[in-house]
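Residues per chain are reported as follows:
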Amino acid sequence: MERFEVNILGCGSALPTTKHFLSSQVVNLRDKLYMIDCGEGSQLQFRALKLKFQRLNSIFISHLHGDHCFGLPGLISTLGMLGRTADLHIYAQADAEKIFKPFLDYFCKELTYKVFFHSFNPAKSELIYEDRSLKVSTIPLKHRVPSAGFLFEEKPKSPHIIREMIDFYQVPTSRINTIKAGADFIAPEGQTIPNAIFTRPAEPSHKYAYCSDTAYYEKIIPLIEGVDLLYHEATFSHEDVARAKETYHSSAKQAAQIAQAAKVKKLIIGHFSARIPDENILLHEAREIFSNTILGKEGMALNV
Ligand SMILES: [Zn+2]
Ligand SMILES: [Zn+2]
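I will try to describe carefully the structure that is included in this document. Model, not experiment: these values are computed from the prediction.

About the criteria used
Residues numbered from 1 in each chain as written. Chains lettered and ligands numbered in written order. Predicted model: local features only at pLDDT ≥ 70, side-chain atom pairs only at ≥ 80, totals over all residues. Heavy atoms only, no water. Helix = DSSP H or I, 4+ residues; strand = E, 2+ residues; numbered from the N terminus. Buried < 20%, exposed > 50% of the residue type's maximum accessible area, 1.4 Å probe, protein only. Contact = heavy atoms within 4.5 Å. Areas by Shrake-Rupley, 256 points an atom, 1.4 Å probe, with all protein chains shown as cover. Lys, Arg positive; Asp, Glu negative; His and termini not counted. Charge placed at Lys NZ, Arg CZ, Asp CG, Glu CD. Disulfide = S-S within 2.5 Å. Donors = N, O, S within 2.8 Å, 3.2 Å for Na, K, Ca; no water. Core = buried A, V, L, I, M, F, W, Y, C linked by side-chain atoms within 4.5 Å. Pairing = 2+ DSSP bridges. Axes fitted to C-alpha atoms, helices over the stretch in contact; angles between N-to-C directions.

## Quick word on the overall build of the protein
Move 1: Counting its secondary structure elements, the protein contains 10 helices and 18 strands.
Move 2: The principal-axis extent of the C-alpha atoms belonging to the protein is close to 75 × 55 × 35 Å.
Move 3: Going through the 304 residues of the protein one by one, you find that 52% of them count as buried.
Move 4: For the protein, the proportion of contacts with a sequence separation of at least 24, taken over those separated by at least 6, is 63%.
Move 5: When the accessible area of the protein is evaluated, it comes to approximately 14700 Å², of which 52% is carbon and sulfur surface.
Move 6: Treating the 35 positive side-chain charges of the protein as one cloud and the 34 negative ones as another, the clouds have centres 2 Å apart.

## Describing the state of the cysteines
Put plainly, two cysteines are in a disulfide when a covalent bond ties their sulfur atoms together.
Move 1: Inspection of every chain in the model, using the stated rule, returns zero disulfides.
Move 2: The structure places no disulfide on cysteine 69, whose sulfur is separated from the nearest cysteine sulfur, that of cysteine 38, by 8.5 Å.
Move 3: Overall, cysteine 69 belongs to the buried group, its relative accessible area being 4%.
Move 4: Left unpaired, cysteine 108 is separated from the closest cysteine sulfur, that of cysteine 38, by 13 Å.
Move 5: Here cysteine 108 falls in the buried class, since its relative accessible area comes to 11%.

## Looking at the coordination of the zinc ion (ligand 2)
Move 1: Coordination of the zinc ion (ligand 2) by the protein comes from His63 (NE2), His65 (ND1), His143 (NE2) and Asp213 (OD), over a distance range of 2.2 to 2.4 Å.
Move 2: One chain supplies every donor for the zinc ion (ligand 2), spaced along it as H-x1-H-x77-H-x69-D.
Move 3: Residue classification places histidine 63 among the buried residues on the basis of a relative accessible area of 0%.
Move 4: Accessibility expressed as a relative area gives 1% for aspartate 213, which makes it buried.

## Points about the nonpolar core
Move 1: Core analysis: the biggest nonpolar cluster contains 54 residues, and Phe60, Phe150, Phe152, Tyr208, Ile224, Leu230 and Ile269 have the highest contact counts within it.
Move 2: At five residues, the largest contribution of residues to this core is made by helix α9 (residues 252–261).
Move 3: In this structure, phenylalanine 152 is in contact with Phe4, Val27, Tyr34, Ile36, Phe60, Leu134, Lys135, Val136, His206, Lys207 and Tyr208, ignoring residues within four places of it in sequence.

## Notes on the pairing of strand β15 (residues 229–233)
The side chains of a regular strand alternate, residue by residue, between the two faces of the sheet.
Move 1: Where burial is concerned, most of β15 is hidden: five out of the five residues are buried.
Move 2: Side chains of β15 alternate between two faces, with Leu229, Tyr231 and Glu233 and Leu230 and His232 buried alike.
Move 3: Here strand β14 (residues 207–211) runs beside β15; their pairing, made up of four bridges, is parallel. In the sheet register, alanine 209 faces β15, and the bridge partner there is leucine 230.
Move 4: The sheet contact formed by β15 and strand β16 (residues 267–270) spans four bridges and is parallel.

## As for the sheet that holds strand β9 (residues 148–154)
Move 1: Reading across from one edge, β7-β8-β9-β14-β15-β16-β17 is the order of the seven strands in this open sheet, with mixed pairing throughout. Each edge of the sheet is formed by a strand with only one pairing partner; in this case those strands are β7 (127–130) and β17 (293–295). Each neighbouring strand pair of the sheet contributes to a mean axis angle of 20 degrees, computed without reference to strand direction.
Move 2: The strands touched by helix α10 (residues 280–287) are β16 and β17; relative to β17, the strand with the most contacts, the crossing angle is about 170 degrees.

## A closer look at the environment of isoleucine 193
Move 1: Examined against the element boundaries, isoleucine 193 turns out to sit in strand β12 (residues 192–193).
Move 2: Assessed through its relative accessible area of 2%, isoleucine 193 is described here as buried.
Move 3: Sequence separation between isoleucine 193 and alanine 183 is 10 residues; the distance between their C-alpha atoms is 9.6 Å.
Move 4: Not counting the four nearest positions on each side in its chain, isoleucine 193 is found in contact with Tyr169, Asp184, Phe185 and Phe198.

Without other data, these values stay purely geometric and don't point to any function.
Next up, the structure:
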């Protein structure tokens, strides 16, 4: 199976504690790394998790609260010290460039690579990134400031080629790509050999959704329907639901309600408040509604 995993670098909320790092994750799709949010200390976690800096492709920032983006200047500066030459692309709201550009102009004058900011509108769902194997679209969330989650969708994979049959029918190498794309093979004698002889069905493609920070917000349900893995914030327990509402965060119960309504396969909760004495309270609360829930934890690597 090809690698598609989510690494948790930090899953604490605003107030830094010794228990958690601040929000940051790295999606590893076939050894290409995509960072989601970059709270303070994320670069240390990047190292601690033995992720390879040179494989970092792009960074997606959900919203401009410090616990999701204060790590950016440090990381960008470090990548320069490591001699990065590849362009770095950052996807965030328009203000991100306004905020970080002067900082980089001052502190990172001799950067060995270019940083490009790409802005998106967090109020609507849009495709913001695409390459050969992946599409990333935004998920508008409901928070005190404009906020968007991200849907990582693997593109459909090619079917597997059955090498023995290719050899048996002496299919020229130049025809293999068309066979992968679904074409039949016409043998030199004019006989049609059906595509199914040469291929085994492709592995299914997977989806990962990141939804943080957000209040309970049913409008995200159709956007994340059926995903293999959902990360949803659960800052508080439902006992503190009034506080969750007031601060535009969610309770563990609400995260589970969203997971259940969206029929996702697995839920991981995070963005834990420093006030929670024992996060198992959140886990039990969520599991009462959606049993396939796990607690986020720094250092965790989950297959999507
Ligand atoms: Zn936050
Ligand atoms: Zn926030």
